[in-house]
Amino acid sequence: METNAEPEPTPHTTNAAGPPIRQLFRDVIADRMPGPRPPQAAMLFDGEVDPCWDDDQSFLSDFYSEILHQDTCQPATADGLALVPALAVDDRVPARHRFEAVGLLFRAATVAERHLAETWPATPRHADPDSEARARSAVQAHLPTLLARWPAECPAVRLALAGLAVVFPTDRTLRALTPRLRAFTHQHPQGTDIGDYVRFVLVLASQNDDQILTATEKLTDAYWTGTARAVPARPRALHLLGQMLTKVGIGLTRAPTGQ
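Just so we're clear, the structure is a prediction, and the values are computed from it rather than from any experiment.

Conventions adopted
Residues numbered from 1 in each chain as written. Predicted model: local features only at pLDDT ≥ 70, side-chain atom pairs only at ≥ 80, totals over all residues. Heavy atoms only, no water. Helix = DSSP H or I, 4+ residues; strand = E, 2+ residues; numbered from the N terminus. Expected span 1.5 Å × (residues − 1). Buried < 20%, exposed > 50% of the residue type's maximum accessible area, 1.4 Å probe, protein only. Contact = heavy atoms within 4.5 Å. Polar contact = N/O pair within 3.5 Å; in protein donor to acceptor, adjacent residues only side chain to side chain. Bend = angle between axes of the 7 residues up to and from the residue. Salt bridge = Lys/Arg side-chain N within 4 Å of Asp/Glu carboxyl O.

(A) Broad picture of helix α3 (residues 56-67). Relative to the 16 Å expected for 12 residues at 1.5 Å per residue, α3 spans 17 Å between its end C-alpha atoms, a close match to the ideal helical length. Those residues of α3 that sit buried are Ser58, Phe59, Leu60, Phe63, Tyr64 and Ile67. Turning to α3, the residues buried within the fold contact α1 (20-32), α2 (42-45), α4 (77-80), α5 (83-88) and α6 (95-109). The N-cap of α3, judged by a side-chain oxygen 3.3 Å from the amide nitrogen of Gln57 a few residues on, is Asp55.

(B) How the structure looks around helix α10 (residues 171-187). If you look at α10, its biggest bend is around 35°, right at Leu181. Three or more residues of α10 are buried, namely Thr173, Leu174, Leu177, Leu181, Phe184 and Thr185. The secondary structure elements touched by the buried residues of α10 are α8 (129-147), α9 (155-165) and α11 (193-206).

(C) The pattern of salt bridges, seen in detail. Using the criterion set out here, one finds 13 salt bridges in the structure. Between Glu153 and Arg98 there is a salt bridge, with the nearest N and O atoms lying 2.5 Å from each other. Of this pair, Glu153 sits in the loop between α8 and α9 while Arg98 sits in helix α6, and the two are 55 residues apart along the sequence. With relative accessibility at 4%, the residue Glu153 sits in the buried group. The class for Arg98 is buried, based on a relative accessible area of 7%.

Pasting the structure below:
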């Protein structure tokens, strides 16, 4: 699969089970989580199907919102996040949706920093520190399993995994990132969405605050929604990285296969 690969189209069928992606997710979760499941799994297993789920995207929007509602953490968020890694590591799930699953984990793990960067110096309006901390811990617990997928994963999902890795920096993961991302820097020059994203991840992996601040300000001045200069460096950087990951994801799913 190429970096910008689009998963094979799934024939659209309408039946009592709902959109095809709901049926697929249900099968994956049934296999990987045979025991007690979080409440959000009811969207997969309940017999009644919402009539608004007329395609995959309408279901996915509701399903992910049930886990991370409007980009905010709630008391049930951490439990619901257990469903997402199961989807992210299963090859039956198309690459585009594995990418989105890892992206959701990134957003859940960085809610507090990203919202702080947006609202500084005020407290984020819907902040829930306890739920945010639990969500972050829930994502971190699954990180080793997710990163273990790297050798077998497609380039698109590797990009998302790289972003998630720098949210939870360890000596082992940071040392591994540079050689793993080198191919991307050769294939995607600076000034492209993927090229800038990969180079920014590598700057974050350096854990050099001066370099991180310089790169953050340079990129936000050029392309991205900026944040107040008084915001601490890490929230500013993660706010920027979240924007970049979203745009990279849009590019990957829209680009023609084979380029």
